[in-house]
Structures are given as C-alpha cells and as structure tokens.
Amino acid sequence: MDRDIIDISKVQLPNIPPRLILLGLAGIVGVLLAWNSFYQIQPEEVGVIRRLGQYIEPPAQPGLRFKLPFIDVVDKVPVQRQLKLEFGFRTQEAGVRTVYSPQAFVGESLMLTGDLNVAVVEWIIQYRVSDPEKYLFRVRNVTDTFRDMTEAVVRAVVGD
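Conventions adopted
- Residues numbered from 1 in each chain as written.
- Predicted model: local features only at pLDDT ≥ 70, side-chain atom pairs only at ≥ 80, totals over all residues.
- Heavy atoms only, no water.
- Pairing = 2+ DSSP bridges.
- Helix = DSSP H or I, 4+ residues; strand = E, 2+ residues; numbered from the N terminus.
- Axes fitted to C-alpha atoms, helices over the stretch in contact; angles between N-to-C directions.
- 1 Å grid on protein atoms, 1.4 Å probe; cavity = no way out; pocket = protein on both sides within 12 Å on 5 of 7 lines; lining within 4 Å.
- Points joined across faces, edges and corners; volume = space filled by probe spheres on them.
- Nonpolar A, V, L, I, M, F, W, Y, C, P; charged D, E, K, R; others polar.
- Expected span 1.5 Å × (residues − 1).
- Buried < 20%, exposed > 50% of the residue type's maximum accessible area, 1.4 Å probe, protein only.
- Arc of directions from axis to C-beta.
- Contact = heavy atoms within 4.5 Å.
- Polar contact = N/O pair within 3.5 Å; in protein donor to acceptor, adjacent residues only side chain to side chain.
- Salt bridge = Lys/Arg side-chain N within 4 Å of Asp/Glu carboxyl O.
- Core = buried A, V, L, I, M, F, W, Y, C linked by side-chain atoms within 4.5 Å.

### Structural notes on the sheet that holds strand E2 (residues 45-51)
Spatially, E3-E2-E5 is the arrangement adopted by the 3 strands of the open sheet, whose pairing is antiparallel. Every interior strand has two partners, whereas the edge strands, strand E3 (54-60) and strand E5 (72-78), have only one. Strand-to-strand twist in this sheet, taken as the mean axis angle between neighbours without regard to direction, amounts to 25 degrees. The pairing of E2 with E3 spans 4 bridges and is antiparallel. The residue bridging Gly-47 from the neighbouring strand is Ala-60, located in E3.

Rendered as structure tokens:
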C-alpha cells in the first residue's frame with residue numbers, strides 16, 4: 001500500500017486577527033453575564049437574595065428580576081403554597097388512583113400508647129412558610145427538624 005504523507009510544517013493556518021478573537025471572547029463573556037443576571041420568581045414564591053452571603057431585605061416579589069451576576073444568590077421559597085409532610089407512608093403519584101410507596105415506614109408510624117398497646121398511626125402535616133428569612137437561616141435542615149418535632153409531639157399525644 002502506498003500512503004500519502006502530509007508534512008504538517010507546510011500546512012497554513014487561517015490568519016485570524018487578534019481583534020476578532022478579543023471581540024469573540026467579549027461576546028461570550030457578555031452572554032454569560034446576561035444569562036446569569038436575570039431570574040424569575042413564580043407567583044407562589046418569594047426570592048430571598050444573598051449578596052456575598054448576607055441576606056438582603058426585602059424579599060423579591062414574583063416576576064422577572066435582575067441580580068448582580070456571580071455575586072448575588074437567589075433562594076426561592078414557596079410562601080403561598082401549602083406544603084405537606086407524610087408520616088407512616090409516602091405518596092409517589094397523587095391523582096384519582098393515588099400510588100403509594102411500597103416501602104414500609106413502620107419506624108415512624110409504630111407507637112406505644114399509654115395503656116401499653118401498640119398502634120400504627122399514619123398522619124399528614126400541612127404547613128405554610130410565613131417568614132422566608134427564618135425558614136432559610138434560623139434552622140438547619142428545616143424539613144428534617146420539622147419532621148422530628150412533629151413526630152415527637154404526636155408520640156407524646158398518643159403515649160398519653
């Protein structure tokens with residue numbers, strides 16, 4: 001077999017002026033800044049803005065908003081939506097024919113009553129966030145803390 005050998009040293013690269021390269025880089029940086037400068041808050045949410053880690057008041061209301069790119073961080077908190085926690089079961093898909101998780105959550109639903117009987121108690125807690133600042137910054141791991149607190153209260157009531 002006879003192969004053609006190409007000498008790389010004789011290959012001519014296109015001559016791109018440095019000004020065009022700088023314009024291209026500036027364009028890419030401009031698009032990244034514009035892309036990272038705007039955010040949208042949904043009607044049931046408020047946006048909590050942290051500038052370099054410090055909370056800025058007041059929370060951003062619904063709509064299209066502007067933030068300082070790479071400096072501001074926006075946390076969206078659902079304040080109008082009713083949130084829920086399920087104990088003893090988990091809903092996988094809600095609807096006309098609700099589908100529940102096949103995994104057993106006996107550890108959180110099995111309780112001992114005051115007269116030493118064993119009861120399986122399943123319940124749902126519904127709540128709303130009233131203060132987004134406290135929700136985000138005053139409690140570490142809010143969902144787990146709220147879940148543990150609720151379980152302790154229900155166990156105390158069932159135990160009595």
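### Some points on the layout of surface pockets
Put simply, the largest pocket is a space of about 240 Å³. Lining the largest pocket are 13 residues, with Tyr-127, Tyr-135, Val-139, Val-142 and Phe-146 sitting closest to its centre. It is helix H4 (residues 142-159) that provides the largest number of residues to the lining of the largest pocket, a total of 5 residues. Along the lines of polarity and charge, the residues of the lining of the largest pocket split into 7 nonpolar, 3 polar and 3 charged.

### Structural notes on H4
The first and last C-alpha atoms of H4 sit 25 Å apart over 18 residues, in line with the 26 Å expected at 1.5 Å per residue. Among all positions in H4, only Arg-147, Thr-150, Glu-151 and Val-154 are buried. Taken around the axis of H4, the buried residues stretch over an arc of 105 degrees, which confines them to a single face. Check the buried side of H4 and you find it contacts strand E6 (83-87), helix H2 (106-109), strand E9 (110-112) and strand E11 (123-127).

### Concerning the side chain of Thr-150
Its place among the elements puts Thr-150 in helix H4. A polar contact of 2.8 Å, which involves the side chain of Thr-150, links it to the backbone oxygen of Phe-146. Filtering out sequence-adjacent residues up to four positions away, Thr-150 remains in contact with Phe-87, Trp-123 and Ile-125.

### Quick look at the pattern of salt bridges
For the structure shown, the criterion picks out 9 salt bridges. A salt bridge links Arg-81 to Glu-44; the shortest N-O distance between them is 3.3 Å. Placement of Arg-81 in the loop between E5 and E6 and of Glu-44 in the loop between strand E1 (38-41) and E2 is noted, with a sequence separation of 37 residues between them. Residue classification places Arg-81 among the partly exposed residues on the basis of a relative accessible area of 37%. With a relative accessible area of 27%, Glu-44 lands in the partly exposed category. Asp-75 serves as the salt-bridge partner of Arg-50, at 2.9 Å between the closest nitrogen and oxygen. Note that Arg-50 is positioned in strand E2 and Asp-75 in strand E5, a separation of 25 residues in sequence. Among the charged side chains, a salt-bridge network with shared partners connects Glu-44, Glu-45 and Arg-81.

### Quick look at the nonpolar core
Ranked by size, the top nonpolar core spans 13 residues in total, and within it Val-77, Val-79, Trp-123 and Val-129 carry the most contacts. Those elements giving two or more residues to this core turn out to be E2, E6 and E11. In terms of residue count, the dominant contributor to this core is E6 (3 residues). In contact with Val-77, other than residues within four places in its own chain, are Glu-44, Glu-45, Val-46, Val-48, Val-129, Pro-132, Tyr-135 and Leu-136. Within the second largest apolar cluster, 5 residues are counted, among which are Tyr-39, Ile-41, Ala-60 and Val-74.

Any functional reading would require information that these geometric values do not contain.
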